[in-house]
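Examination of the molecular architecture
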Amino acid sequence: MGMVVLVTGVARHLGARFVAEVRRRPGVDLVVGVDVQPPRLPVEEPAGPAAPYRFHQLDLRRPAVARVIAEHRVDTVVHLNVSATGLGSTNRSAVKESNVIGTMQLLGACQKAPGVRRLVVKSTTGVYGSAPRDPAVFSERMQPKTPPGGGFAKDAAEVEGYVRGFARRRPDVAVTVLRFANIVGPGADTPLSEYFALPVLPTVLGYDPRLQFVHEDDAVAVLCRAAGEAEPGTVNTGTFNVAGEGVLLLSQCARRLGRPTLPLLLPAVSWMAGLARQTRLVDVSSEQLRLLTHGRVVDTTRLRETFGYRPAFTTPQAFADFAAAQGPGLLPPERLAAVTDRLTALLGPERQGAEPGAAPARTDRPRRPRS
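Our subject in this report is the structure included herewith. Note that the structure is a prediction, hence the values are computed from the model and not measured.

Conventions we followed
- Residues numbered from 1 in each chain as written.
- Predicted model: local features only at pLDDT ≥ 70, side-chain atom pairs only at ≥ 80, totals over all residues.
- Heavy atoms only, no water.
- Helix = DSSP H or I, 4+ residues; strand = E, 2+ residues; numbered from the N terminus.
- Buried < 20%, exposed > 50% of the residue type's maximum accessible area, 1.4 Å probe, protein only.
- Contact = heavy atoms within 4.5 Å.
- Areas by Shrake-Rupley, 256 points an atom, 1.4 Å probe, with all protein chains shown as cover.
- Axes fitted to C-alpha atoms, helices over the stretch in contact; angles between N-to-C directions.
- Left-handed = near helix turned anticlockwise from the far one by under 90°.
- Patch = residues over 30% accessible without salt bridge, like charges linked within 9 Å, V, L, I, M, F, W, Y side chains within 5 Å.
- Salt bridge = Lys/Arg side-chain N within 4 Å of Asp/Glu carboxyl O.
- Polar contact = N/O pair within 3.5 Å; in protein donor to acceptor, adjacent residues only side chain to side chain.

The next thing to look at is the overall build of the chain. Assigned secondary structure in the chain consists of twelve helices and 13 strands. Per-residue burial over the chain gives 46% buried out of 371 residues. For the chain, the share of sequence-separated contacts (at least 6 apart) that also reach a separation of at least 24 residues comes to 79%. Working note: accessible area of the chain is about 19,000 Å², and carbon and sulfur atoms make up 55% of it.

The next point concerns the packing of helix α7 (residues 250-257) against helix α11 (residues 315-324). Here α7 crosses α11 at 35°, and the two axes come no closer than 9 Å. Classified by chirality, the crossing of α11 by α7 is right-handed. Along its contact with α7, which presents Cys 253, Arg 256 and Leu 257, the element α11 presents Phe 319, Phe 322 and Ala 323.

Moving on, we get to helix α9 (residues 286-294). When we look at burial in α9, the residues that qualify are Glu 287, Gln 288, Leu 289, Leu 291, Leu 292 and Thr 293. Gly 295 sits one or two positions beyond α9 and adopts a positive phi of about 75°.

What follows is about a nonpolar patch on the surface. Residues Val 200, Leu 262, Trp 271 and Met 272 make up a contiguous nonpolar surface patch of about 370 Å² in total accessible area. Relative to the helices and strands, Met 272 resides in helix α8 (residues 266-278).

Here we come to the side chain of Glu 216. Of note, Glu 216 is situated in helix α6 (residues 216-227). By relative accessible area, Glu 216 is classed as buried at 5%. Polar contacts involving the side chain of Glu 216 include one to the main-chain amide nitrogen of Gly 187, which spans 3.2 Å.

Another point: the side chain of Asn 236. Among the structural elements, Asn 236 can be located in the loop between α6 and β11 (238-242). By relative accessible area, Asn 236 is classed as buried at 4%. Within the structure, Asn 236 has its side chain in polar contact with the side chain of Arg 118 (distance 3.4 Å). Leaving out residues up to four positions away in the same chain, Asn 236 has contacts with Arg 118, Thr 176, Arg 225, Ala 226, Gly 228, Glu 229, Ala 230 and Phe 307.

Below, the structure is given as structure tokens:
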């Protein structure tokens, strides 16, 4: 008998994409989807042969998930329901309960199910935090200088703690934790993508943070690789950072989107973020604000060398694909390029060859030395 995969969080874009992809994988006999709401879009039917799909509408905070695992004899669980936002609710306490209490219920059900052999949990690089004294690059073994004090990042840190406890109690289960950087792509539905959709991007005066992204195609590919048996010469259990190679500055992201920035003092940006949350314009949480102030970069050596996966999209390429799906900004990149070309032409050939920061060339005649 082949694999029976249970997937949580299938009502979201990433969960729906993963379900469509894993159904096409050889050796998968059944995929079971679980979420508190049915998917907003009809389930995409893969082209060609595909494993059957069953959906159960239930709340992970209730013990009903144990019945579903036992009914379908699930052997692989992919937990994608740890999210920064809730479905149909912006209440922070409800989101936290869904993330933490829902994970505890799921792990309890897995612990009692002797047939479960593999667990994959979607986490975030936000567990490293964002602080001014952070190292330049975080590896999986590093601890944050300032642990997340709240929000989605703290939820993810608590979830990882419960997952480590489950791994000790069930050493026969292969456990994989995937710490994703910000996921982008044409269909991304994350709070950061909502921020980049604003016509003007508020930024913190004096800061230009380094950011990393992972394309949604790479995120799905990594999840599928973690859900199956490891390929020869690789290990797909443990904790892995997942991000595209390279970094982008926030200012570079704004230019690629054609969005003007509005640099403000940090208290003003915090006030605007709170107002945006109250009016439900965009959900800019406190941890996201810290990310947009100090940035965060992670090391992906283990992903490439141990896990055996090199993302198809670099960070700049992933963001370029995301930007191409967005509407034109107030300052389209081609207009910015035209302005730069005109300024270069106006500077003249003498100035064009000068080094950055060099003093202007003098055009007056040298004075005669005094006798």
